[in-house]
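Descriptive structure summary
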Amino acid sequence: MNFAAIKRANEYSPNHIMNDFAILKSAADELVKLGATVNFYDESIIEEGLIPEPFIFSMVQGAKGIENLRQIERNKAFAINSADAVYNCYRFNMVPKLHAAGIPFPESIVINSDSKTLPDLTRFGKKFWVKRGDAHAVHKEDVTLVYSAAEAANVVHEFSKRGIEKAVLQEN
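First, a word on scope: everything that follows refers to the structure included in this document. Here the structure is a predicted model, which is why all the values come from computation and not from measurement.

**Observations regarding the sheet that holds strand 7 (residues 143-146)**
The strand order across the open sheet formed by four strands is 5-8-6-7, and the pairing between neighbours is antiparallel. Edge positions in the open sheet fall to strand 5 (108-112) and strand 7, since each of these has one partner strand only. In this sheet, neighbouring strand axes are inclined to one another by 25 degrees on average, regardless of whether the strands run parallel or antiparallel. Note that strand 6 (residues 128-132) and strand 7 share four bridges and pair antiparallel. Residue pairing in the sheet places Trp129 in a bridge with Leu145 of strand 7. Packing against the sheet, helix 5 (residues 149-161) makes contact with strand 5, strand 6, strand 7 and strand 8 (166-171), and its axis sits at approximately 5 degrees to strand 6.

In structure tokens, the structure reads:
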């Protein structure tokens, strides 16, 4: 069996580049012990036609990587951590899915980062979180504990300036 192991782009592994690769390599080593071959690719360079292996396991996280993986999957028999699975873990997708499934989860509001006004946040109490709505933290500011609506507005505005389209406001 031939596998493609797709490494997460470094920007999505802040302070964990080697740890994330070690996880991928460990899975690959186990497959090799079983007689498989594994070729490694980086999320930042994958595209349709580049990966000939019929089986994929992936740590892709970025939007471009997800879309490229989705294109590759159309011609593959099997993908672990599929593009759809990763996309469903983006906060703006995950929050409503967890709520709809009745899974206990902190109260959260998904907003557009270019919103001129924030919803009423008094229900969150004296402190709450502002989190980027897509991929998990890339910078330390991507998950910020705030103590006022003004602070939250500042963080959300910074997300917008950085091209992060959605934000999640979440109870502490």
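**A look at unusual backbone geometry**
It is generally the case that most residues other than glycine have a negative phi and that most peptide bonds are trans. Positive phi is not limited to glycine here, since Asn81 has a value of about 60 degrees. Residue position: Asn81 is located in the loop between strand 4 (78-80) and helix 3 (83-88). A relative accessible area of 43% means that Asn81 is categorised as partly exposed.

**Focus: the layout of surface pockets**
Space inside the largest pocket adds up to approximately 340 Å³. Considering the residues around the largest pocket, the lining is formed by 19 residues, among which Ala63, Tyr90, Arg132, Asp134 and Gly163 are closest to the centre.

**Concerning empty space enclosed by the protein**
A full pass over the atoms with the stated rule returns one cavity of 30 Å³ or more. Put simply, the largest cavity is a space of about 30 Å³. Surrounding the largest cavity, Lys7, Arg8, Asn10, Ser13, Ile17, Asp20 and Phe21 form its lining. Here the element with the most residues in the lining of the largest cavity is helix 1 (residues 17-33); it accounts for three residues. Here the residues of the lining of the largest cavity sort into two nonpolar, two polar and three charged.

**Describing the pattern of salt bridges**
Per the stated rule, a full pass over the model turns up eleven salt bridges. Residue Asp42 pairs with Lys7 through a salt bridge whose shortest N-O separation is 3.1 Å. Taken as a pair, Asp42 in strand 2 (residues 37-42) and Lys7 in strand 1 (residues 2-7) lie far apart in primary sequence, 35 residues in all. With its nearest N and O atoms 2.9 Å apart, the salt bridge here joins Asp84 to Arg70. Here Arg70 lies in helix 2 (residues 63-73) and Asp84 lies in helix 3, a separation of 14 residues in the sequence. Judged by relative accessible area, which is 46%, Asp84 ranks as partly exposed. Shared partners join several salt bridges into a network, and the residues in it are Arg132, Asp134, Asp142 and Arg162.

Conventions and cut-offs
- Per chain, the residues get numbers from 1 upward, laid out in the order the sequence is written.
- This being a predicted model, a pLDDT of at least 70 is required before a residue's local features are given, and a value of 80 or more before pairs of side-chain atoms are given or counted; all residues contribute to the totals for chains, interfaces and linings.
- Remark: hydrogens and water are excluded; side-chain values derive from all non-hydrogen atoms of the structure.
- Only strands that DSSP links by at least two bridges are regarded as paired with each other.
- Put simply, DSSP H or I for four residues or longer makes a helix, DSSP E for two residues or longer makes a strand, and each gets a number counted from the N terminus.
- Fitting a line to C-alpha atoms yields each axis, with helices limited to the stretch in contact; the angle taken between N-to-C directions then spans 0 to 180 degrees.
- In this analysis, two residues are considered to be in contact whenever any of their non-hydrogen atoms come within 4.5 Å of each other.
- With a 1.4 Å probe rolled over the protein chains alone, any residue whose accessible area is under 20% of its type maximum counts as buried; one over 50% counts as exposed, and the rest are partly exposed.
- Method remark: on a 1 Å grid restricted to protein atoms, a set of points is classed as a cavity if a 1.4 Å probe fits but cannot get out and as a pocket if it is open with protein on both sides within 12 Å along at least five of seven lines; lining residues have an atom within 4 Å of a point.
- Grid points are joined across faces, edges and corners, and a volume is the space filled by probe spheres set on the points.
- Under the scheme applied, nonpolar residues are Ala, Val, Leu, Ile, Met, Phe, Trp, Tyr, Cys and Pro; charged residues are Asp, Glu, Lys and Arg; polar residues are all the others, including Gly.
- Here, a salt bridge means any Lys or Arg side-chain nitrogen found within 4 Å of an Asp or Glu carboxyl oxygen.

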